Amino acid sequence: MIDKNQTCAAGQDSMPYMICLIHILEEWFGVEQLEDYLNFVNYLLWVFTPLILLILPYFTIFLLYLTIIFLHIYKRKNVLKEAYSHNLWDGARKTVATLWDGHAAVWHGYEVHGMEKIPEEGPALIIFYHGAIPIDFYYFMAKIFIHKGRTCRVVADHFVFKIPGFSLLLDVFCALHGPREKCVEILRSGHLLAISPGGVREALISDETYSIIWGNRKGFAQVAIDAKVPIIPMFTQNIREGFRSLGGTRLFRWLYEKFRYPFCPMYGGFPVKLRTYLGDPIPYDPKMTAEELAEKTKNAVQALIDKHQRIPGNIMSALLERFHKKQKIN
(Lines give C-alpha, C1' and ligand atoms only; values in the text may rest on other atoms or scores of the structure.)
Protein backbone atom coordinates (compact mmCIF):
# COMPACT_ATOMS: atom_id res chain seq x y z
CA MET A 1 0.00 0.00 0.00
CA ILE A 2 1.29 3.48 -0.86
CA ASP A 3 1.88 5.70 2.16
CA LYS A 4 -0.44 8.72 2.47
CA ASN A 5 2.47 11.15 2.62
CA GLN A 6 3.98 9.58 -0.48
CA THR A 7 0.66 10.09 -2.27
CA CYS A 8 0.62 13.72 -1.17
CA ALA A 9 4.17 14.11 -2.38
CA ALA A 10 3.13 12.82 -5.79
CA GLY A 11 1.25 16.06 -6.37
CA GLN A 12 -2.03 17.84 -5.81
CA ASP A 13 -3.68 16.03 -8.72
CA SER A 14 -3.38 12.70 -6.94
CA MET A 15 -5.10 13.83 -3.72
CA PRO A 16 -6.95 17.03 -2.69
CA TYR A 17 -4.80 19.61 -0.95
CA MET A 18 -6.85 19.79 2.27
CA ILE A 19 -6.78 16.02 2.71
CA CYS A 20 -3.00 16.06 2.29
CA LEU A 21 -2.76 18.84 4.88
CA ILE A 22 -4.82 16.81 7.36
CA HIS A 23 -2.59 13.74 6.83
CA ILE A 24 0.53 15.84 7.39
CA LEU A 25 -0.92 17.30 10.61
CA GLU A 26 -1.85 13.79 11.81
CA GLU A 27 1.75 12.71 11.27
CA TRP A 28 3.12 15.87 12.91
CA PHE A 29 0.96 15.73 16.07
CA GLY A 30 1.08 11.95 16.32
CA VAL A 31 -2.69 11.55 16.28
CA GLU A 32 -5.04 9.58 14.10
CA GLN A 33 -8.37 10.63 12.64
CA LEU A 34 -7.59 14.35 12.95
CA GLU A 35 -10.40 15.02 10.50
CA ASP A 36 -12.88 13.57 13.00
CA TYR A 37 -11.58 15.91 15.71
CA LEU A 38 -11.94 18.90 13.40
CA ASN A 39 -15.48 17.85 12.50
CA PHE A 40 -16.29 17.57 16.20
CA VAL A 41 -14.91 21.06 16.89
CA ASN A 42 -16.96 22.41 13.99
CA TYR A 43 -20.04 20.73 15.47
CA LEU A 44 -19.41 22.35 18.87
CA LEU A 45 -19.11 25.76 17.23
CA TRP A 46 -22.41 25.18 15.44
CA VAL A 47 -24.11 24.17 18.71
CA PHE A 48 -22.79 27.05 20.83
CA THR A 49 -22.94 29.88 18.27
CA PRO A 50 -26.57 30.82 19.15
CA LEU A 51 -25.61 30.94 22.84
CA ILE A 52 -22.62 33.18 22.12
CA LEU A 53 -24.72 35.54 20.01
CA LEU A 54 -27.29 35.86 22.79
CA ILE A 55 -24.61 36.55 25.41
CA LEU A 56 -22.69 39.24 23.49
CA PRO A 57 -25.42 41.95 23.68
CA TYR A 58 -25.47 41.63 27.45
CA PHE A 59 -21.70 42.08 27.55
CA THR A 60 -22.45 45.74 26.76
CA ILE A 61 -24.70 45.88 29.81
CA PHE A 62 -21.87 44.28 31.79
CA LEU A 63 -19.56 47.09 30.63
CA LEU A 64 -22.14 49.64 31.76
CA TYR A 65 -22.24 48.09 35.22
CA LEU A 66 -18.42 48.12 35.36
CA THR A 67 -18.66 51.82 34.58
CA ILE A 68 -21.15 52.27 37.43
CA ILE A 69 -18.86 50.41 39.86
CA PHE A 70 -15.99 52.69 38.86
CA LEU A 71 -18.16 55.77 39.45
CA HIS A 72 -19.10 54.55 42.93
CA ILE A 73 -15.43 53.99 43.78
CA TYR A 74 -14.58 57.42 42.41
CA LYS A 75 -17.38 59.00 44.45
CA ARG A 76 -16.15 57.42 47.69
CA LYS A 77 -12.56 58.46 47.01
CA ASN A 78 -13.46 62.06 46.25
CA VAL A 79 -16.25 62.65 48.74
CA LEU A 80 -14.19 65.24 50.65
CA LYS A 81 -13.50 67.20 47.47
CA GLU A 82 -17.17 67.68 46.70
CA ALA A 83 -17.46 70.67 49.00
CA TYR A 84 -14.52 72.39 47.31
CA SER A 85 -14.98 71.60 43.63
CA HIS A 86 -17.74 72.35 41.15
CA ASN A 87 -16.29 69.79 38.74
CA LEU A 88 -16.14 66.72 40.96
CA TRP A 89 -17.11 64.34 38.16
CA ASP A 90 -14.88 65.69 35.37
CA GLY A 91 -12.09 63.24 36.18
CA ALA A 92 -14.53 60.32 36.21
CA ARG A 93 -16.14 61.43 32.96
CA LYS A 94 -12.76 61.73 31.27
CA THR A 95 -11.67 58.28 32.48
CA VAL A 96 -14.92 56.62 31.43
CA ALA A 97 -14.91 58.45 28.09
CA THR A 98 -11.36 57.27 27.40
CA LEU A 99 -12.27 53.65 28.21
CA TRP A 100 -15.36 53.67 25.99
CA ASP A 101 -13.49 55.45 23.21
CA GLY A 102 -10.85 52.71 23.37
CA HIS A 103 -13.53 50.01 23.20
CA ALA A 104 -15.10 51.80 20.22
CA ALA A 105 -11.80 51.90 18.35
CA VAL A 106 -10.80 48.30 19.03
CA TRP A 107 -14.14 46.53 18.61
CA HIS A 108 -15.85 48.64 15.94
CA GLY A 109 -13.15 50.86 14.40
CA TYR A 110 -15.54 53.67 15.34
CA GLU A 111 -15.42 56.96 13.44
CA VAL A 112 -17.34 60.24 13.56
CA HIS A 113 -17.77 62.20 10.33
CA GLY A 114 -18.82 65.81 10.66
CA MET A 115 -17.52 66.51 14.17
CA GLU A 116 -16.89 70.10 13.08
CA LYS A 117 -20.67 70.59 12.92
CA ILE A 118 -20.85 70.31 16.71
CA PRO A 119 -20.34 73.84 18.08
CA GLU A 120 -17.37 74.47 20.33
CA GLU A 121 -19.72 76.34 22.65
CA GLY A 122 -23.38 77.20 22.76
CA PRO A 123 -26.48 75.03 22.42
CA ALA A 124 -27.60 72.56 19.77
CA LEU A 125 -30.18 69.79 19.62
CA ILE A 126 -28.89 66.48 18.22
CA ILE A 127 -31.54 64.15 16.77
CA PHE A 128 -30.44 60.56 16.15
CA TYR A 129 -31.70 57.22 14.86
CA HIS A 130 -32.04 54.67 17.70
CA GLY A 131 -30.36 51.28 17.20
CA ALA A 132 -31.41 48.10 19.02
CA ILE A 133 -28.74 49.00 21.59
CA PRO A 134 -27.60 52.64 21.24
CA ILE A 135 -23.95 51.80 21.81
CA ASP A 136 -23.09 54.26 19.04
CA PHE A 137 -24.42 57.10 21.18
CA TYR A 138 -22.25 56.00 24.13
CA TYR A 139 -19.25 56.16 21.81
CA PHE A 140 -20.41 59.50 20.42
CA MET A 141 -20.70 61.02 23.91
CA ALA A 142 -17.16 59.83 24.65
CA LYS A 143 -15.87 61.48 21.45
CA ILE A 144 -17.65 64.74 22.24
CA PHE A 145 -16.18 64.87 25.73
CA ILE A 146 -12.64 63.99 24.58
CA HIS A 147 -12.45 66.22 21.50
CA LYS A 148 -14.78 69.07 22.42
CA GLY A 149 -14.55 68.99 26.21
CA ARG A 150 -18.34 69.09 26.33
CA THR A 151 -20.95 66.88 27.98
CA CYS A 152 -23.86 66.00 25.71
CA ARG A 153 -27.03 65.58 27.74
CA VAL A 154 -29.55 63.02 26.51
CA VAL A 155 -33.25 62.35 26.97
CA ALA A 156 -33.71 58.71 28.03
CA ASP A 157 -36.81 56.55 28.29
CA HIS A 158 -38.47 56.34 31.70
CA PHE A 159 -37.71 52.61 32.11
CA VAL A 160 -33.94 53.29 32.04
CA PHE A 161 -34.26 55.23 35.29
CA LYS A 162 -35.78 52.16 36.94
CA ILE A 163 -32.89 49.81 36.08
CA PRO A 164 -31.13 48.87 39.36
CA GLY A 165 -27.83 50.67 39.82
CA PHE A 166 -28.20 53.03 36.85
CA SER A 167 -29.12 56.17 38.79
CA LEU A 168 -25.52 57.27 39.40
CA LEU A 169 -24.51 56.66 35.77
CA LEU A 170 -27.48 58.64 34.48
CA ASP A 171 -26.78 61.46 36.93
CA VAL A 172 -23.06 61.74 36.11
CA PHE A 173 -23.70 61.79 32.37
CA CYS A 174 -26.65 64.16 32.67
CA ALA A 175 -29.43 61.96 31.31
CA LEU A 176 -32.97 63.16 31.85
CA HIS A 177 -36.52 62.10 31.16
CA GLY A 178 -38.07 65.34 29.97
CA PRO A 179 -40.30 67.20 30.44
CA ARG A 180 -40.26 69.59 27.50
CA GLU A 181 -39.70 72.60 29.76
CA LYS A 182 -36.59 71.00 31.23
CA CYS A 183 -35.18 70.33 27.76
CA VAL A 184 -35.74 73.95 26.77
CA GLU A 185 -34.07 75.13 29.96
CA ILE A 186 -30.98 72.99 29.30
CA LEU A 187 -30.63 74.33 25.76
CA ARG A 188 -31.13 77.93 26.84
CA SER A 189 -28.32 77.39 29.36
CA GLY A 190 -25.98 76.73 26.42
CA HIS A 191 -25.69 72.93 26.61
CA LEU A 192 -25.82 70.20 23.98
CA LEU A 193 -28.88 67.96 24.15
CA ALA A 194 -29.60 64.73 22.24
CA ILE A 195 -33.01 63.16 21.59
CA SER A 196 -34.07 60.07 19.65
CA PRO A 197 -37.71 60.67 18.71
CA GLY A 198 -38.16 56.98 17.92
CA GLY A 199 -36.86 55.92 21.33
CA VAL A 200 -37.39 52.38 22.56
CA ARG A 201 -40.13 51.69 20.00
CA GLU A 202 -37.70 52.37 17.15
CA ALA A 203 -35.01 50.32 18.92
CA LEU A 204 -37.28 47.27 19.14
CA ILE A 205 -39.37 47.44 15.98
CA SER A 206 -37.04 48.84 13.32
CA ASP A 207 -34.86 46.28 11.56
CA GLU A 208 -32.21 45.89 8.85
CA THR A 209 -34.34 48.12 6.57
CA TYR A 210 -33.53 51.02 8.94
CA SER A 211 -37.07 52.36 8.90
CA ILE A 212 -37.58 55.53 10.96
CA ILE A 213 -40.38 54.99 13.49
CA TRP A 214 -41.28 58.36 14.97
CA GLY A 215 -45.04 58.29 14.57
CA ASN A 216 -46.43 61.81 14.97
CA ARG A 217 -43.85 62.91 17.50
CA LYS A 218 -42.97 66.57 17.16
CA GLY A 219 -42.20 67.54 20.76
CA PHE A 220 -38.48 67.64 19.99
CA ALA A 221 -39.17 70.17 17.22
CA GLN A 222 -41.14 72.37 19.61
CA VAL A 223 -38.22 72.19 22.04
CA ALA A 224 -35.85 73.47 19.32
CA ILE A 225 -38.28 76.26 18.41
CA ASP A 226 -38.84 77.35 22.01
CA ALA A 227 -35.09 77.33 22.74
CA LYS A 228 -34.26 78.90 19.34
CA VAL A 229 -31.47 76.41 18.62
CA PRO A 230 -30.35 74.49 15.51
CA ILE A 231 -31.04 70.79 15.03
CA ILE A 232 -28.17 68.48 14.02
CA PRO A 233 -29.32 65.18 12.43
CA MET A 234 -27.25 62.08 13.25
CA PHE A 235 -27.09 58.49 11.99
CA THR A 236 -24.64 55.64 12.59
CA GLN A 237 -23.86 53.31 9.72
CA ASN A 238 -24.27 49.56 10.47
CA ILE A 239 -25.72 50.07 13.95
CA ARG A 240 -28.37 47.42 13.16
CA GLU A 241 -25.66 45.01 12.03
CA GLY A 242 -23.93 45.32 15.39
CA PHE A 243 -27.05 44.43 17.39
CA ARG A 244 -30.45 43.22 16.28
CA SER A 245 -33.76 42.93 18.08
CA LEU A 246 -36.63 40.46 17.79
CA GLY A 247 -39.05 43.19 18.87
CA GLY A 248 -40.74 43.32 15.48
CA THR A 249 -42.51 40.01 16.13
CA ARG A 250 -46.17 40.24 17.10
CA LEU A 251 -45.70 38.92 20.65
CA PHE A 252 -42.87 41.24 21.71
CA ARG A 253 -44.47 44.23 20.02
CA TRP A 254 -47.69 43.57 21.95
CA LEU A 255 -45.75 43.24 25.20
CA TYR A 256 -44.07 46.60 24.68
CA GLU A 257 -47.27 48.41 23.75
CA LYS A 258 -48.99 46.84 26.77
CA PHE A 259 -46.36 47.39 29.48
CA ARG A 260 -44.00 49.97 27.92
CA TYR A 261 -41.01 47.80 28.82
CA PRO A 262 -38.63 46.25 26.25
CA PHE A 263 -39.46 42.59 26.91
CA CYS A 264 -37.52 41.43 23.92
CA PRO A 265 -34.44 39.24 23.25
CA MET A 266 -31.56 40.72 21.31
CA TYR A 267 -28.59 39.17 19.60
CA GLY A 268 -25.37 40.40 18.10
CA GLY A 269 -22.35 42.16 19.48
CA PHE A 270 -20.68 41.71 16.10
CA PRO A 271 -17.48 43.77 15.60
CA VAL A 272 -18.85 45.56 12.54
CA LYS A 273 -17.57 48.87 11.26
CA LEU A 274 -19.50 51.78 12.83
CA ARG A 275 -19.42 55.29 11.41
CA THR A 276 -21.48 58.13 12.85
CA TYR A 277 -22.50 60.79 10.34
CA LEU A 278 -23.64 64.27 11.36
CA GLY A 279 -25.76 66.15 8.85
CA ASP A 280 -25.82 69.87 8.18
CA PRO A 281 -27.46 71.81 11.04
CA ILE A 282 -31.06 72.86 10.48
CA PRO A 283 -31.08 76.49 11.67
CA TYR A 284 -33.79 78.01 13.83
CA ASP A 285 -36.53 79.53 11.72
CA PRO A 286 -39.25 81.46 13.59
CA LYS A 287 -41.61 81.00 10.63
CA MET A 288 -41.44 77.19 10.74
CA THR A 289 -44.05 75.24 12.70
CA ALA A 290 -43.21 72.23 14.89
CA GLU A 291 -44.86 69.90 12.33
CA GLU A 292 -42.78 71.34 9.49
CA LEU A 293 -39.54 71.20 11.50
CA ALA A 294 -40.20 67.62 12.62
CA GLU A 295 -40.78 66.56 9.01
CA LYS A 296 -37.67 68.40 7.80
CA THR A 297 -35.57 66.73 10.53
CA LYS A 298 -36.95 63.30 9.68
CA ASN A 299 -36.09 63.85 6.02
CA ALA A 300 -32.56 64.90 7.00
CA VAL A 301 -32.01 61.71 9.05
CA GLN A 302 -33.51 59.65 6.21
CA ALA A 303 -31.11 61.31 3.76
CA LEU A 304 -28.16 60.20 5.93
CA ILE A 305 -29.52 56.64 5.95
CA ASP A 306 -30.04 56.65 2.17
CA LYS A 307 -26.54 57.98 1.53
CA HIS A 308 -24.50 55.94 3.99
CA GLN A 309 -26.37 52.70 4.69
CA ARG A 310 -26.78 49.58 2.60
CA ILE A 311 -30.48 48.60 2.58
CA PRO A 312 -31.24 46.00 3.74
CA GLY A 313 -28.32 45.82 6.13
CA ASN A 314 -26.04 42.82 5.82
CA ILE A 315 -24.03 41.56 8.79
CA MET A 316 -21.43 39.73 6.69
CA SER A 317 -20.78 42.76 4.48
CA ALA A 318 -20.37 44.96 7.55
CA LEU A 319 -17.92 42.48 9.06
CA LEU A 320 -15.89 42.29 5.87
CA GLU A 321 -15.70 46.07 5.73
CA ARG A 322 -14.61 46.20 9.37
CA PHE A 323 -11.64 43.98 8.60
CA HIS A 324 -10.72 45.86 5.45
CA LYS A 325 -11.93 43.27 2.96
CA LYS A 326 -12.98 44.56 -0.44
CA GLN A 327 -16.76 44.62 -0.41
CA LYS A 328 -18.98 46.79 -2.55
CA ILE A 329 -21.60 48.58 -0.45
CA ASN A 330 -24.55 49.84 -2.43
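- Going by the annotation in an unreviewed UniProt entry, the name recorded for the chain is Monoacylglycerol/Diacylglycerol O-acyltransferase isoform X1, with Trichechus manatus latirostris given as the source organism.

**Thoughts on the pattern of salt bridges**
- Scanning the model with the defined rule gives nine salt bridges in all.
- Among the salt bridges present, the one from Glu241 reaches Arg244, with a minimum N-O distance of 2.3 Å.
- Since its relative accessible area comes to 0%, Glu241 is described here as buried.
- The buried category is assigned to Arg244, whose relative accessible area is 12%.
- The partner of Arg260 in a salt bridge is Glu257, with the nearest N and O atoms 3.0 Å apart.
- The exposure class assigned to Arg260 is partly exposed, which follows from its relative accessible area of 34%.

**Brief notes about unusual backbone geometry**
- Here the residue pair Gly178 and Pro179 is connected by a cis peptide bond, since its omega of -5° sits within 30 degrees of zero.
- Counting through the fold element by element, Pro179 comes out in the loop between strand E4 (175-176) and helix H7 (180-188).
- For the bond from Ile311 to Pro312, the omega torsion is -10°, close enough to zero to count as cis.
- Mapped onto the secondary structure, Pro312 falls in the loop between helix H12 (290-308) and helix H13 (315-322).

**Regarding the side chain of Arg240**
- Relative to the elements of secondary structure, Arg240 occurs in helix H10 (residues 239-242).
- For the buried Arg240, no salt bridge exists, and the shortest N-O distance to an oppositely charged side chain is 6.1 Å, to Glu202.
- Side chain to side chain, Arg240 and Tyr129 meet in a polar contact 3.0 Å long.
- Within polar-contact distance, the side chain of Arg240 engages the backbone oxygen of Ala203 at 3.0 Å.

**Remarks on the state of the cysteines**
- Throughout the structure, instances matching the rule amount to zero disulfides.
- As a non-bridged cysteine, Cys174 has Cys152 as the owner of its nearest cysteine sulfur, 9.7 Å distant.

**Things to note about empty space enclosed by the protein**
- Applying the stated criterion across every chain, the model contains two cavities of 30 Å³ or more.
- Of the volumes computed, that of the largest cavity is approximately 70 Å³.
- Lining the largest cavity, in full, are Arg93, Ala97, Met141, Ala142, Phe145, Arg150, Thr151, Cys152 and Phe173.
- When residues of the lining of the largest cavity are traced back to their parent elements, those giving at least two are helix H4 (90-108) and helix H5 (135-148).
- The element that contributes the greatest number of residues to the lining of the largest cavity is H5, accounting for three residues.
- Here the residues of the lining of the largest cavity sort into six nonpolar, one polar and two charged.

**Digging into the sheet that holds strand E2 (residues 124-128)**
- An order of E1-E9-E6-E2-E5-E3-E4 is seen for the seven strands of this open sheet, with the pairing classed as mixed. Only two strands of the sheet have a single neighbouring strand rather than two, namely strand E1 (111-113) and E4.
- Running over the sheet, H5 touches E1, E2, strand E3 (152-155), strand E5 (192-195), strand E6 (231-237) and strand E9 (275-278) and is turned about 120° from E6.
- Its contacts with the sheet put helix H9 (residues 219-227) on E2, E5 and E6, and the angle it makes with E2 is roughly 165°.

**With respect to the packing of H7 against H9**
- Interaxial distance between H7 and H9 falls to 9 Å at its minimum, and their mutual angle equals 40°. The orientation of H7 relative to H9 falls into the category oblique. For the pair H7 and H9, the crossing hand works out as right-handed. Between H7 and H9, the contacting residues are Arg180, Cys183, Val184, Leu187 and Arg188 on the first element and Gly219, Gln222, Val223, Asp226 and Ala227 on the second.

**Points about the environment of Leu170**
- Note on placement: Leu170 falls in helix H6 (residues 167-172).
- Here the alpha-carbon distance between Leu170 and Ile68, two residues 102 residues apart in the chain, equals 9.5 Å.
- Not counting residues within four places of it along the chain, the set of residues in contact with Leu170 comprises Val160, Phe161 and Ala175.

**Side note on the packing of aromatic side chains**
- Per the counting criterion, the structure on display carries 13 aromatic pairs.
- Ring centres 6.2 Å apart and planes at 65° place the aromatic pair Phe159 and Tyr261 in the edge-to-face group. Remark: Tyr261 occurs in the loop between helix H11 (250-259) and strand E8 (266-268) and Phe159 occurs in the loop between E3 and H6; sequence separation between them is 102 residues.
- Taking the relative accessible area as the measure of exposure, Phe159 reaches 16% and is therefore buried.
- By relative accessible area, Tyr261 is classed as partly exposed at 27%.

**Some points on the packing of H4 against H5**
- Closest axis-to-axis distance for the H4/H5 pair is 8 Å, and the angle between their directions is 125°. One finds that H4 runs oblique with respect to H5. The hand of the H4/H5 crossing is left-handed. Along its contact with H4, which presents Asp90, Arg93, Lys94, Ala97, Thr98, Trp100, Asp101, His103, Ala104 and His108, the element H5 presents Ile135, Tyr138, Tyr139, Ala142, Lys143, Phe145 and Ile146.
- The residue inventory of the contact of H4 with H5, partitioned by class, reads nine nonpolar, three polar and five charged.

Basis of the calculations
- Residues numbered from 1 in each chain as written.
- Predicted model: local features only at pLDDT ≥ 70, side-chain atom pairs only at ≥ 80, totals over all residues.
- Heavy atoms only, no water.
- Salt bridge = Lys/Arg side-chain N within 4 Å of Asp/Glu carboxyl O.
- Buried < 20%, exposed > 50% of the residue type's maximum accessible area, 1.4 Å probe, protein only.
- Helix = DSSP H or I, 4+ residues; strand = E, 2+ residues; numbered from the N terminus.
- Lys, Arg positive; Asp, Glu negative; His and termini not counted.
- Polar contact = N/O pair within 3.5 Å; in protein donor to acceptor, adjacent residues only side chain to side chain.
- Disulfide = S-S within 2.5 Å.
- 1 Å grid on protein atoms, 1.4 Å probe; cavity = no way out; pocket = protein on both sides within 12 Å on 5 of 7 lines; lining within 4 Å.
- Points joined across faces, edges and corners; volume = space filled by probe spheres on them.
- Nonpolar A, V, L, I, M, F, W, Y, C, P; charged D, E, K, R; others polar.
- Pairing = 2+ DSSP bridges.
- Contact = heavy atoms within 4.5 Å.
- Axes fitted to C-alpha atoms, helices over the stretch in contact; angles between N-to-C directions.
- Parallel < 35°, antiparallel > 145°, perpendicular 65-115°, else oblique.
- Left-handed = near helix turned anticlockwise from the far one by under 90°.
- Phe/Tyr/Trp six-rings, centres within 6.5 Å; stacked < 30°, edge-to-face > 60°.

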